[in-house]
Every structure is written in C-alpha cells, then in structure tokens.
Amino acid sequence: MASSVEWRDKKYDEIFEQEIRGLERRRLSDSACTVEDLEGVLQHLYIMDGADWYGRGSVQDITMAATIAAYEHFIAQWKAGENNLILP
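Residues numbered from 1 in each chain as written. Predicted model: local features only at pLDDT ≥ 70, side-chain atom pairs only at ≥ 80, totals over all residues. Heavy atoms only, no water.

## What to know about the overall build of the chain
Per the secondary structure count, the chain includes 3 helices and 0 strands. For the chain, the sequential pattern of α-helices and β-strands runs α-α-α. The long-range fraction of contacts in the chain, counting pairs at least 24 apart against all pairs at least 6 apart in sequence, stands at 77%. (Helix = DSSP H or I, 4+ residues; strand = E, 2+ residues; numbered from the N terminus. Contact = heavy atoms within 4.5 Å.)

Written as structure tokens, this is what we have:
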C-alpha cells in the first residue's frame, strides 16, 4: 500500500523542484521579472486549478498542486528578501 502513495510524493517533489529551478532561472536571466509578474501567474494557476470541472487525473492534480506550491514558496522567499537561489 505504501508504494501507491510513494510515487505520488516522488512526483510532487520532482515537479516542485523543477518549478523552483525554472523560477530561479527566470529571476536570474530576466531583469524585468518582478514578484508581481509571478503573482499574476500564480493567480492564473489558481483559476486553472479551480476550473477542473471534468477531472484532470491524479498525475495532473499532483502537477498542479506542486506547481502552485512552488510559486507560493518562491514568492514568499522573494518577498522575505531571501536571495539564496539553489541553481548549480
């Protein structure tokens, strides 16, 4: 039974880290990118998440949840003045 949940956690972590790296790259390479820009994307993600009338399926639900969490986390860190980006 544990393996049925394990893949979900692994997928969530994979997507979360992928989104964080993408947001870090964007912030480093796009000097015009602002926290307000990312908040706008986050608002759009909330709308997309709420518009799941027909059901996306578990993989897409996990992807959406991890993506939203990554944006929320990244924005909160940016606003807190934390500039410790984790890019290699």
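## Here we look at the nonpolar core
Counting residues in hydrophobic clusters, the biggest one holds 18 residues, and the most contacted among them are Phe-16, Leu-38, Tyr-71, Phe-74 and Trp-78. Those elements that provide at least two residues to this core are helix H1 (2–29), helix H2 (35–50) and helix H3 (58–79). If you tally residues by element for this core, the top one is H3, at 9 residues. Sequence-distant contacts of Leu-38, that is, excluding residues within four places in its chain, are made with Leu-23, Arg-26, Cys-33, Tyr-71, Phe-74, Ile-75 and Trp-78. (Core = buried A, V, L, I, M, F, W, Y, C linked by side-chain atoms within 4.5 Å. Buried < 20%, exposed > 50% of the residue type's maximum accessible area, 1.4 Å probe, protein only.)

## A look at H3
Taking 1.5 Å as the rise per residue, H3 with 22 residues should run 32 Å; its terminal C-alpha atoms sit 32 Å apart, in good agreement. Of the residues making up H3, those classed as buried are Ile-62, Thr-63, Met-64, Ala-66, Thr-67, Ile-68, Ala-69, Ala-70, Tyr-71, Phe-74, Ile-75 and Trp-78. Positioned one or two residues after H3, Gly-81 has a phi angle of 80 degrees, which is positive. (Expected span 1.5 Å × (residues − 1).)

## Some words on the pattern of salt bridges
Enumeration according to the criterion identifies 4 salt bridges in this entry. Across the pair Glu-39 and Lys-79 runs a salt bridge, and its minimum N-O distance is 2.5 Å. Highlighted residues: Glu-39 in helix H2 and Lys-79 in helix H3, separated in sequence by 40 residues. Classification of Lys-79 as exposed rests on a relative accessible area of 56%. If you follow the salt bridges from partner to partner, you end up with Asp-49, Arg-56 and Asp-61 in one network. (Salt bridge = Lys/Arg side-chain N within 4 Å of Asp/Glu carboxyl O.)

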